[in-house]
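# A closer look at the structure
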Amino acid sequence: MTSIRGAGPLVFGSSSPGCDEIGPFSSCRIAKLGFVSLNGTNVIGLDYRGKTVRLNVNVRSSFLNPIKAMEDSTTASFTNTNYCAAAISSGENLHQMSTVRKSTNIVWHKSSVEKFDRQELLQQKGCVIWITGLSGSGKSTLACALSRGLHSRGKLAYILDGDNVRHGLNSDLSFKVEDRAENIRRIGEVAKLFADAGIICIASLISPYRKDRDACRALLPEGDFIEVFLDVPLQVCEARDPKGLYKLARCGKIKGFTGIDDPYEPPLNCEIVLQQKGGDLVSPSNMAETVISYLEEKGCLQA
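This write-up is about the structure you can find in this document.

What counts and what doesn't
Residues numbered from 1 in each chain as written. Predicted model: local features only at pLDDT ≥ 70, side-chain atom pairs only at ≥ 80, totals over all residues. Heavy atoms only, no water. Pairing = 2+ DSSP bridges. Helix = DSSP H or I, 4+ residues; strand = E, 2+ residues; numbered from the N terminus. Core = buried A, V, L, I, M, F, W, Y, C linked by side-chain atoms within 4.5 Å. Buried < 20%, exposed > 50% of the residue type's maximum accessible area, 1.4 Å probe, protein only. Contact = heavy atoms within 4.5 Å. Axes fitted to C-alpha atoms, helices over the stretch in contact; angles between N-to-C directions. Parallel < 35°, antiparallel > 145°, perpendicular 65-115°, else oblique. Left-handed = near helix turned anticlockwise from the far one by under 90°. Nonpolar A, V, L, I, M, F, W, Y, C, P; charged D, E, K, R; others polar. Salt bridge = Lys/Arg side-chain N within 4 Å of Asp/Glu carboxyl O. Expected span 1.5 Å × (residues − 1). Arc of directions from axis to C-beta.

As paired strands, strand E9 (residues 98-100) and strand E10 (residues 103-106) are joined by two bridges and run antiparallel to one another. Bridging across to E10, Ser98 finds its partner in Ile106. Hairpin geometry of E9 and E10 is characterised by an intervening segment of two residues between the two adjacent antiparallel strands and by a positive phi of about 55° at Arg101.

See the structure below:
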């Protein structure tokens, strides 16, 4: 049974010895295109010795001479020094520094090629299909069938499988509660990048806690996170036990196993529910077609 819920280059400065002061900035040694070394202070008294200055300045704009790459260091200077000094003084055209968790003094650099452009190229809309359910419910099988179905339609998709990601990116994480939360957070951030690239990202993992799944949903624009719940009873999953994990959990050899001694919190308002109860079994390809139909209805398979 299936239910679906309705509906420009920058100039970077760093200190460099041996520069003479000219105008509000020191003269600069250039090593390569777009990188400028500053030394000394400017007319408004900002000290650049040993510091990095990041300016929102286009090297081809009207108030700067073009900066060319040189094999050997060459001296160059800013031409419209009054403009630069005023910009720094007022904060105009300067990037906003931000702090995110433990990362400080970081700046978001906007690309001239955006998600819309990539979607036009791929003729599809980037999104995240988040498949959640108990171990043994068929998440990975569905993900593979879905990927194959999309591929056959000429659509680009990529699977982030819970076990596969733990072979690399998340190999440093255990299955303790805090590590499981970090596992989901990292996969959510990677899935967000795939969606921004215009790719249909299929995330397949137990992700037992609602708050972790909801946090991943919150990373994306409305409609770009499609939660698919494989609603398969515990006894069915345990009977399948493809990895032998339920047996180990029942024997006490695995602690904190979802469905045995750790809870699974089913979605309350997901986009798609795929049920398999009793003898009413649906093939992976048919379940994949249900998800693909949803994508078609929502316009995800066209730019």
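Another aspect to go through is the nonpolar core. Formed by 23 residues in total, the largest nonpolar core has its most connected members in Ile129, Leu150 and Val228. At the level of secondary structure, the elements contributing two or more residues to this core comprise strand E11 (127-132), helix H3 (139-152), strand E13 (200-204), strand E14 (225-231), strand E15 (272-275) and helix H9 (284-297). With six residues, H9 is the single largest residue contributor to this core. Ignoring any residue separated from it by four or fewer positions in sequence, one finds Ile129 in contact with Leu146, Ile200, Cys201, Ile202, Ala203, Ile226, Val228, Val291 and Leu295.

Time to look at the packing of H3 against H9. Put simply, H3 and H9 touch, their axes get as near as 8 Å, and they point 60° apart. If you check the angle between H3 and H9, you find them oblique. For the pair H3 and H9, the crossing hand works out as right-handed. Contacts between H3 and H9 involve Thr141, Leu142, Ala145, Leu146, Gly149 and Leu150 from the first element and Pro284, Ser285, Met287, Ala288, Val291, Ile292 and Leu295 from the second. Of the residues in the contact of H3 with H9, the class split is ten nonpolar, three polar and no charged.

Counted under the stated rule, the structure contains 15 salt bridges. Lys211 is the partner of Asp212 in a salt bridge, and the nearest nitrogen-oxygen pair spans 3.3 Å. Note on Asp212: relative accessible area 9%, which makes it buried. Judged by relative accessible area, which is 58%, Lys211 ranks as exposed. Where salt bridges share partners, they join Asp172, Glu182, Arg185 and Arg186 into one cluster.

This part covers H3. Under the 1.5 Å per step criterion, the end-to-end length of H3 is 20 Å for 14 residues, consistent within 8% with the ideal 20 Å. Turning to H3, its buried residues number three or more, namely Lys139, Leu142, Ala143, Leu146, Gly149 and Leu150. Down the axis of H3, the buried set is contained in an arc of 130°. They therefore lie on one face. Turned more than 90 degrees off the buried face of H3, the exposed positions are Arg148, His151 and Ser152. Once H3 ends, the next one or two residues include Gly154, with phi positive near 80°.

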